[in-house]
Amino acid sequence: MATTGSAAKVTPLHADAKSTADQLMAKIADRSAVVSVIGLGYVGLPLILGFAGAGFPVLGLDVDPSKIKNLRAGKTYIKHITDQMVGEALAKGKFEVEADLTQVSRADVVIICLPTPLTKHRDPDLSYIEQTAEAIAPHIKRGQLIILESTTWPGTTTEVMIPRLEKSGLKSGVDFFAAFSPEREDPGNPKFNTHTIPKVVGGDGEYATKAADALYSSFIGKTVVVSSPDTAEAVKLTENIFRSINIALVNELKVIYDAMGIDVWEVIDAAATKPFGFMPFYPGPGLGGHCIPIDPFYLTWKAREFELNTRFIELAGEIIADMPRYVVGKLSEALSMRFKKSIAGSKILLVGMAYKKNVDDMRETPTLKIIELLEKQGATIEYHDTWIPVIPSTREHPEYTGRKSVDITAQSLAAYDAVVIVTDHDDVDYAFVGKNAKLVVDTRNAMVKCDPANVVKA
């Protein structure tokens, strides 16, 4: 497959390294290389199914027993991944799932797709990567390719992962090959999937880069080779920082234009007709997902090592973090002006628990923060989201675990003092909501085609 980007860095090579790399490359070329993926979530599961579809024997590793049980039964636990996709991989007879990390000794390729959250002080939490690298180090073998896909700060592969793996006595670039290739999944986006999104690859040395490039090129249409793992890590952060800053900008414009009586969505749609120099971003109730609310602060943390400030990144974070409060403020204002009511004692329906439309992923969802703010002021809160029928346990709001989505009916809508559109899933009849609700506070412009008489944009 075609590759672009700068040439991989050249490092001094051990006499046996080329032979070891050639053997690995031959296994990749004839699809006999066993590919193991550690972490079978929103990134790892699509990835391992992609390798299975390309004809590789694959081994999925995850500590969650429910995932292992589902996959062995041919069942999915991610809505945009179907049972058929899992079943087809199993039917090939080359798809296994295990919970025992010592099984990496069977693999020729090990890909790590684990969470990289932030602490409450917005410092990187690399504990999943660190613990996994420590756990598999005694079981890795000569000739393996080990790739990190988890988003993190530049230097994690070489400063955190490789030193732990080398406790095995094996040497990176000589005995095994290490690389970083950032995940670029966009759940719910039908235009792109694992096969069609270009894959950035940066290896620890020439052989690692070539092996990782060959591996991903086996089933992904385009790879983009960069000079080092550090550069590949920086690519991912740059992509998400770009989005974070632009989303913060349009949210700030939303607040300003609202004060002027101007509809920010109308402004953005008109500006987007310019064929150059403008890219549309849209405001909302805050940011969710595992990437954009978190990843920029990995660079903020790393920049301190160089005595540098990341002012744009931190300002964007402040603006976005304040959006749930802005939504609650607009709701409070609307209740007061229309019904002479306060949030205290009001019954509110939040439509949308997932962080974005048409996905069953609620990581970092702003809906939980909105619930917290409203309940602190004395409101009674229910939510509707067919994609998230029950709230799972979360790090920040464990007290909401087990709450269930309610149905939307004409009778139920009439009983709420207000309905807040937090996530604009396609399976919601917004005209029906507008017709039957007393007040709708819309954070996503979902009600644009409905009667605006009872709609307040936020």
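Up top is the structure.
Anyway, here's the lowdown on the structure attached to this text. All values derive from a computational prediction rather than experimental measurement.

Conventions and cut-offs
- Residues numbered from 1 in each chain as written.
- Predicted model: local features only at pLDDT ≥ 70, side-chain atom pairs only at ≥ 80, totals over all residues.
- Heavy atoms only, no water.
- Helix = DSSP H or I, 4+ residues; strand = E, 2+ residues; numbered from the N terminus.
- Rg over C-alpha atoms; globule rule 2.2 N^0.38 Å.
- Contact = heavy atoms within 4.5 Å.
- Phe/Tyr/Trp six-rings, centres within 6.5 Å; stacked < 30°, edge-to-face > 60°.
- Buried < 20%, exposed > 50% of the residue type's maximum accessible area, 1.4 Å probe, protein only.
- Core = buried A, V, L, I, M, F, W, Y, C linked by side-chain atoms within 4.5 Å.
- Salt bridge = Lys/Arg side-chain N within 4 Å of Asp/Glu carboxyl O.
- Pairing = 2+ DSSP bridges.
- Right-handed = clockwise from strand over helix to strand, strands pointing away.
- Polar contact = N/O pair within 3.5 Å; in protein donor to acceptor, adjacent residues only side chain to side chain.
- Axes fitted to C-alpha atoms, helices over the stretch in contact; angles between N-to-C directions.
- Parallel < 35°, antiparallel > 145°, perpendicular 65-115°, else oblique.

Topic: the overall build of the protein
Point 1. Helix and strand counts for the protein come out as 15 helices and 14 strands.
Point 2. For 458 residues, the compact-globule estimate of 2.2 N^0.38 gives 23 Å, and the protein sits close to it at 24 Å.
Point 3. Counting only C-alpha atoms and orienting by the principal axes, one finds that the protein spans roughly 80 × 50 × 40 Å.
Point 4. For the protein, contacts bridging at least 24 residues in sequence account for 70% of all contacts bridging at least 6.

Describing the packing of aromatic side chains
Point 1. Evaluation of the coordinates by the stated rule reveals 5 aromatic pairs.
Point 2. Look at F51 and Y216: their rings are 6.2 Å apart centre to centre, the planes differ by 40°, and that puts the pair in the tilted class. Residue F51 is located in helix 2 (residues 44–53), and its partner Y216 is located in helix 7 (residues 206–217); the two are separated by 165 residues in the primary sequence. Both residues of the pair, F51 and Y216, belong to the buried class.
Point 3. A centroid spacing of 5.3 Å and a plane angle of 40° characterise the contact between W153 and W301, whose relative ring orientation is tilted. With W153 in the loop between strand 6 (145–148) and helix 6 (156–165) and W301 in helix 10 (residues 296–303), this residue pair connects regions lying 148 residues apart in the sequence.
Point 4. Judged by relative accessible area, which is 5%, W153 ranks as buried.
Point 5. An aromatic cluster of three or more residues is present, and its members are F51, F56, Y216 and F219.

Here we look at the nonpolar core
Point 1. Counting residues in each nonpolar core, the largest one holds 42 residues, and the members touching the most others are F51, F95, I111, L145 and L215.
Point 2. Ignoring any residue separated from it by four or fewer positions in sequence, one finds I111 in contact with V35, S36, V37, I38, L47, F51, I147, E149, L215 and Y216.
Point 3. Counting 36 residues, the second-largest nonpolar core is a separate cluster that includes L126, L165, F297 and Y298.

Thoughts on unusual backbone geometry
Point 1. One non-glycine residue, R31, adopts positive backbone phi at about 65°.
Point 2. When you line up the elements, R31 lands in the loop between helix 1 (17–29) and strand 2 (35–38).
Point 3. Unlike most non-glycine residues, E307 shows phi in positive territory, near 55°.
Point 4. Tracing the chain through its elements places E307 in the loop between helix 10 and helix 11 (311–321).

Details of the pattern of salt bridges
Point 1. On inspection of all chains with the given rule, the structure shows 27 salt bridges.
Point 2. Residue E134 pairs with R164 through a salt bridge whose shortest N-O separation is 3.5 Å. Of this pair, E134 sits in helix 5 (residues 127–136) while R164 is found in helix 6, placing the two residues 30 residues apart along the sequence.
Point 3. A salt bridge links D426 to K357, with the shortest nitrogen-to-oxygen separation between them at 3.2 Å.

Digging into the pairing of strand 6
Point 1. On strand 6, burial covers both faces: L145 and I147 on one face and I146 and L148 on the other are all buried.
Point 2. Relative to strand 6, strand 5 (residues 109–112) runs parallel, the two sharing 4 bridges. In the sheet register, I112 faces strand 6, and the bridge partner there is L148.
Point 3. Handedness of the β-α-β unit built from strand 5, helix 5 and strand 6 comes out right-handed.
Point 4. Bridge analysis of strand 6 against strand 7 (residues 177–180) gives 4 bridges, and the strand direction is parallel. When the bridges of strand 7 are listed, I146 appears paired with A178.

Things to note about the side chain of Q144
Point 1. Following the sequence through the fold, Q144 ends up in the loop between helix 5 and strand 6.
Point 2. We classify Q144 as buried; its relative accessible area is 0%.
Point 3. Within the structure, the side chain of Q144 is placed 2.8 Å from the backbone oxygen of A107, a separation counted as a polar contact.
Point 4. With residues near it in sequence (within four places) discarded, Q144 still touches L24, V104, S105, A107, D108, V110, D175, F176 and F177.

Structural notes on helix 13 (residues 366–376)
Point 1. Counted residue by residue, helix 13 has 8 buried out of 11 residues, so it is predominantly covered.
Point 2. Contacts made by the buried residues of helix 13 are with helix 12 (323–339), strand 10 (347–351) and strand 11 (380–384).

Some words on the pairing of strand 7
Point 1. Where burial is concerned, the two faces of strand 7 agree: the one with F177 and A179 and the one with A178 and F180 are both buried.
Point 2. For the segment spanning strand 6, helix 6 and strand 7, crossover handedness is right-handed.
Point 3. As paired elements, strand 7 and strand 8 (residues 199–203) share 2 bridges and run antiparallel to each other. Residue pairing in the sheet places F180 in a bridge with G202 of strand 8.

Points about the environment of T386
Point 1. Within the fold, T386 resides in the loop between strand 11 and helix 14 (410–415).
Point 2. When its relative accessible area of 38% is taken as the criterion, T386 is described as partly exposed.
Point 3. Sequence-wise, T386 and I292 are 94 residues apart; in three dimensions their C-alpha atoms are separated by 24 Å.
Point 4. T386 has contacts with K79, S405 and D427, leaving out every residue within four places of it along the chain.
Point 5. Here the side chain of T386 touches D427 through a polar contact of 2.4 Å, side chain to side chain.

Topic: the packing of helix 1 against helix 7
To describe two helices that pack against each other, one gives the angle between their axes and the distance between the axes.
Point 1. The contact between helix 1 and helix 7 brings their axes to 10 Å, and the two run at 0°. With respect to helix 7, the axis of helix 1 lies roughly parallel. Contact residues: A17, K18, A21, L24, M25 and I28 in helix 1; Y207, K210, A211, A214 and L215 in helix 7.

Describing the sheet that holds strand 11
Point 1. Pairing is parallel across the open sheet formed by 5 strands, whose spatial order is 11-10-12-13-14. Each edge of the open sheet carries a strand with a single partner, namely strand 11 and strand 14 (455–457). Within this sheet the neighbouring strands show an average axis-to-axis angle of 25°, counted without direction.
Point 2. Note: strand 10 against strand 11, 5 bridges, orientation parallel. For I348, the partnering residue across the bridge sits in strand 11 and is I381.
Point 3. Running over the sheet, helix 12 touches strand 10, strand 12 (418–421), strand 13 (440–442) and strand 14 and is turned about 145° from strand 14.

Just distances and angles here, no functional claims.
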